[in-house]
Structure formats: C-alpha cells, structure tokens
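# Observations on the three-dimensional arrangement
Chain residues, written in single-letter form:
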Amino acid sequence: MPALVLLGAQWGDEGKGKATDLLGGSVDYVVRYQGGNNAGHTVVVGDQKYALHLLPSGILSPGCTPVIGNGVVVDPAVLLSELSGLNERGVDTSKLLVSGNAHLITPYHTTVDKVTERFLGKRKIGTTGRGIGPTYADKINRVGIRVQDLYDESILTQKVEAALDFKNQILAKLYNRRAIDANKIVEELLGYAEQIKPFVADTTLILNNAIDEGKVVLFEGGQGTLLDVDHGTYPFVTSSNPTAGGACTGAGVGPTKINRVIGILKAYTTRVGAGPFPTELFDEDGEKLRTIGGERGVTTGRDRRCGWFDAVIARYATRVNGLTDFFLTKLDVLTGWEQIPVCVAYEIDGKRVEELPYSQTDFHHAKPVYEMLPGWSEDISKAKTFSDLPKNAQAYVKALEEMSGAPISAIGVGPHRTETIEINSFLS
Ligand code: GDP
Ligand code: IMO
Ligand code: MG
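Predicted, not measured: the structure shown is a model, and the values here were computed from it.

We now examine the environment of Ser26. Relative to the helices and strands, Ser26 is located in the loop between helix 1 (16–24) and strand 2 (29–32). Ser26 gets classed as partly exposed once you look at its relative accessible area, which sits at 44%. Separated by 38 residues in sequence, Ser26 and Cys64 place their C-alpha atoms 8.0 Å apart. Setting aside residues no more than four positions away along its own chain, Ser26 makes contact with Val216 and Leu427.

Written as structure tokens, this is what we have:
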C-alpha cells in the first residue's frame, strides 16, 4: 500500500491531525500538499497536546519523514517558530523536507488578506488572516515568491519589487494603507534563508522514488472538501484544493500512484467562517455539541458553528475524492442524546434533493430532511472493537456508512491516539 491520501470530508477540523498521527508510526513519509498555516491540526500523544499549523502531523512519529510539498504556501516565520516550538518540547524535526517550489507567504500577503476582509464588510469570507488567498493569487498571477528564490538575492529582489509595484498602488490608493518597502521585505526573507536551507529539497523526485521503492507515503490534507476552491461552497472556501486531486498537483505525484483515499468524517458537522451550512444548529443542541466536542478553532480561537451529520455532504465527498474509506471521528461526542437527527437529503423550493446541488443559490436555500436515529448513553471512550459499542451506536455508524457511499474503516472515540476502533487496516 505505497500511497494514501487522508483528507477532510466536510468543512475542515474533522480530526485529520489525529488520524495522520495514528498512521504516522507505520508510514515512511507524511506530506502536506496544499494550504498553509491556516490549518490547525491537534494531536494528543500521551499527556502531551500539540497544535500543528504548517508542519505535517507525521512530524511527531520518529520514523517518519515530514514533507511540505510544492502546493503548500509557507510562511517562513511560522515555519521556524513551529520548528523551534517542537524542538523545545524534545521533538526531532531534522528530517523535514520542504519543496523549493512551494510559495512563500510574506508580510504583504497577510496585510492584503486582512484589508480585503475588512473591505468586504458583511460579505467577508471569515478567513484565518494568514495571507493564504493573496499568496495563491500571486502564484496564479505569476508574481509569487518561491522558497528557492531565497537563495538568489538578485532574483528575490526583482520578484519582490515586481509583486509590490502593483500591490502598493492598491494598498495606498484603494485601501489607504502605507506602501510596503520592498527592501525591508527582501531583508526579512533573506534573514530566514540560511535556517531553512537544510530542509529544502526536490521533494517530487524523493517522493516518486520512495513510492517506486515500495515505501509508504501518506498525503495529509488541510481544510476539507467543502472548502475546496473548485468543489467547495465557493466563494466561502479556502484558495487551494484539499480534495484528492490536490495531492497529485501539490506533491508532483501522478494519480496512478495513489492507492487509497481516506475521508475523515466527523460524526456531526462543524464549520468556521462564513458560508452556507444546511444542518447548522442555533439552539441548545448546537451549544452542547460545541461544548462537549471542544469545537473552538485551533488557529484562530473562533467558536466553530455546529450542526448534525449531513449525509448529502458525505456522499459528495465520496464522489469528488473517489474515497475508498471513511475514518469516522468524534462518535463519543454524541453520547447522551436520546435521538440523533441525521440529514439524509435536502428540500429545495419544495422538492426533495438527494445530491449536493451545484448551484450556489440552491445550496443557500437547502433545508435539511432529517431521519431520527436512536441514541445511546453508555461511555464509549474505552471501546476497542466495533462490537464493544452499544447497539445503537453500532446502528448509527452502519446507517452513516450506508448513506455516505464508502466503508467506515475506523472510528474515533476520543482525542488520544489509542481512542480509536480500527475496523479495516488502512495499510493492508
Ligand atoms: P483537524 O484540523 O482535522 O486536524 O482537526 P482539529 O484538530 O482542528 O479538530 C479536531 C479536534 O477533535 C481536536 O481537538 C482533536 O484532538 C479532537 N478529536 C479528534 N478525534 C477525536 C475523537 O474521536 N473524539 C474526540 N472526543 N475528540 C477527537
Ligand atoms: P484544518 O486543516 C476549518 C476556513 C476559514 C475561512 C475559509 C478561508 O484545521 O481543517 P483562509 O484563511 O483559508 O483563506 O480562510 O476557510 N478555513 C478552515 N476551516 N479548518 C481549517 O483547517 C481551515 N482553514 C481555513 O475559516 O472560512
Ligand atoms: Mg483544524
């Protein structure tokens, strides 16, 4: 089983960090292929809790080589501070590899992200303010700065000047902000260059060779399917492709090399930031999910919007990612409800709709059609096998599996690595 993709099947925060960390002990490489430090992946190992933003969650497994692929946007200051934070806690980060083709987030990208949001006013996306969108925009506009540019001062200077020529006009004339000094940016970036140099590598070559040699490579998605710039709830999305195809472009590995695609699926639904969310709850149940589930953003500290499980979204994730498996997380959070509503379809303008509507207007009007499933009250956090679960919890999982279109191969019953029920091995 040389190459697997592990990605979010909903709007992010499904528990990808925990799932990646769980597999990290058995894989040779863990690769981030898109996004940047907008991600917040929580990993709990023993009594230690780690919040990873830019680094792949495999960094906590000693045998595993963590890789930041070409499709990631890298804030060099964040990279270095995350590395030193881990080093201080005794984590060896020396194996890290960073693609020379990955684009750099600079202070002007973060500034543009924040002022754009401010100017959008009530139409804002609710971004993480980490400069993600403006950095990808520069990449597509061909005025981006890449990691490899740090090692050619003349090219770096020319590129920063070219990027700022245009941006400074906008910042000064439209947003009423002070123009940014290109020399200062170049100086700051050069200040990171030597510290980052040992990690910079031709990651595409290394990963393809590794797969050819039968090594196990895990591609770890940030964000989630519904935040994908092509397949998500545009414009309320991030600016990259968390969906499975993104692993190919964002790491330089062909689709023929990928054997398995695992969708991480929360047993209910959450979302951070603006945008449509059919099963969102505004009542006590929503508050209960938020409290019991600890649904507060790892990156921005914002409360997550909470709602019931949405099978229409899960089916859509199966379709656009070609999912082979689901990893169902946070089943334990649902303990204690007498009945659990599950959204099986939408009602849009009086009609029942089984699939995610491709029209944004329709999706904004979608009302959930719920089926009630019986709940359970027993503590399930110690369950090790599927049959350890109460009958109603088993039935809940089976019902979700049937509605979602791919087998549920693992179930999370708590935040720790060990609090997982493995049904089918991901690595066989
Ligand atoms: P990610 O962005 O997909 O990695 O997810 P986050 O780390 O942002 O959010 C998931 C949260 O749920 C984290 O606090 C995890 O420690 C926690 N978590 C993951 N799996 C489980 C689970 O099965 N049960 C419970 N109770 N918590 C979990
Ligand atoms: P992980 O990897 C949840 C959301 C933001 C905003 C939108 C665009 O932890 O699942 P951006 O800063 O990316 O331009 O913001 O995307 N968002 C996330 N929501 N989990 C994440 O990452 C997210 N990363 C971005 O809240 O709505
Ligand atoms: Mg997260």
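Next, the rest of the story.
Bound to the magnesium ion (ligand 3) on the protein side are Asp13 (OD) and Gly40 (O), at distances that span 2.0 to 2.1 Å. Placement of the pair is Asp13 in the loop between strand 1 (3–8) and helix 1 and Gly40 in the loop between strand 2 and strand 3 (41–45), with a sequence separation of 27 residues. A relative accessible area of 11% means that Gly40 is categorised as buried.

Surrounding ligand 1, one finds 18 residues, the nearest of these being Lys16, Gly17, Gly40, Thr42 and Asp332. Contact between ligand 1 and Gly412: an oxygen atom at 3.3 Å from a main-chain N or O atom of the residue. Take Val413: an N or O atom from its main chain is 3.5 Å from an oxygen atom of ligand 1. With the chains in place, 92% of the 580 Å² that ligand 1 exposes on its own is no longer accessible. Considering each element in turn, the shell around ligand 1 owes the most residues, three residues, to helix 1. Residue composition of the shell around ligand 1, by class: four nonpolar, seven polar and seven charged.

Our focus in this paragraph is the sheet that holds strand 9 (residues 200–201). An order of 9-7-5-2-10-1-11-15-19-20 is seen for the ten strands of this open sheet, with the pairing classed as mixed. In the strand order of this sheet, the two ends are held by strand 9 and strand 20 (420–422), each with one partner. Here strand 7 (residues 97–99) pairs with strand 9 via two bridges, running parallel. Bridging across to strand 9, Val98 finds its partner in Val200.

Quick look at the side chain of Lys167 now. Checked against the element boundaries, Lys167 lands in helix 5 (residues 153–174). Residue class for Lys167 comes out buried when judged on its relative accessible area of 9%. For Lys167, the side chain forms a polar contact with the side chain of Asp138, separated by 2.8 Å. Ignoring any residue separated from it by four or fewer positions in sequence, one finds Lys167 in contact with Tyr108, Val112 and Asp138.

Across all of its chains, the model carries six aromatic pairs by this definition. Each ring, one from Trp11 and one from Phe277, has its centre 5.3 Å from the other, and the planes form 50°; the classification is tilted. A residue pair is termed long-range when its members are at least 10 positions apart, and Trp11 in the loop between strand 1 and helix 1 and Phe277 in the loop between strand 12 (269–271) and helix 9 (284–293) qualify at 266 residues. Note on accessibility: Trp11 and Phe277 belong to one class, buried. Ring plane angle 80° and centroid distance 5.6 Å describe the contact between Trp308 and Trp337, whose orientation is recorded as edge-to-face.

On to the pairing of strand 5 (residues 65–68), then. Burial along strand 5 is two-sided: the residues Thr65 and Val67 and Pro66 and Ile68 are all buried. Taken together, the four bridges between strand 2 and strand 5 define a ladder with parallel strand orientation. Opposite Tyr29, over in strand 5, you have Thr65 as the bridge partner. As judged from the two bridges shared by strand 5 and strand 7, these two strands associate in the parallel manner. If you follow Val67 over to strand 7, its bridge partner there is Leu97.

Burial within helix 8 (residues 244–251) is extensive, with six of its eight residues counted as buried. Listed in full, the buried residues belonging to helix 8 are Ala244, Gly246, Ala247, Cys248, Gly250 and Ala251. Close packing links the buried residues of helix 8 with strand 1, strand 2, helix 7 (203–212), strand 10 (217–220), strand 11 (260–266) and helix 10 (311–321). Looking one or two places after helix 8, you find Gly252, whose phi comes out positive at around 75°.

Before going further, it helps to spend a moment on the pattern of salt bridges. Scanning the entire structure with this criterion turns up 18 salt bridges. For Lys159, the salt bridge goes to Asp149, with nearest N and O atoms at 3.2 Å. One end of the pair, Lys159, is in helix 5; the other, Asp149, is in the loop between helix 4 (132–140) and helix 5, with ten residues separating them in the sequence. The class of Lys159 is partly exposed, set by a relative accessible area of 28%. Here Lys266 ties to Glu295 by a salt bridge, and the two come within 3.0 Å at their closest N and O atoms. Of the two residues, Lys266 sits in strand 11 while Glu295 sits in the loop between helix 9 and strand 13 (305–307), which places them 29 residues apart along the sequence.

Cut-offs used in this document
Residues numbered from 1 in each chain as written. Chains lettered and ligands numbered in written order. Predicted model: local features only at pLDDT ≥ 70, side-chain atom pairs only at ≥ 80, totals over all residues. Heavy atoms only, no water. Helix = DSSP H or I, 4+ residues; strand = E, 2+ residues; numbered from the N terminus. Buried < 20%, exposed > 50% of the residue type's maximum accessible area, 1.4 Å probe, protein only. Contact = heavy atoms within 4.5 Å. Donors = N, O, S within 2.8 Å, 3.2 Å for Na, K, Ca; no water. Near = heavy atom within 4 Å. Polar contact = N/O pair within 3.5 Å; in protein donor to acceptor, adjacent residues only side chain to side chain. Areas by Shrake-Rupley, 256 points an atom, 1.4 Å probe, with all protein chains shown as cover. Nonpolar A, V, L, I, M, F, W, Y, C, P; charged D, E, K, R; others polar. Pairing = 2+ DSSP bridges. Phe/Tyr/Trp six-rings, centres within 6.5 Å; stacked < 30°, edge-to-face > 60°. Salt bridge = Lys/Arg side-chain N within 4 Å of Asp/Glu carboxyl O.

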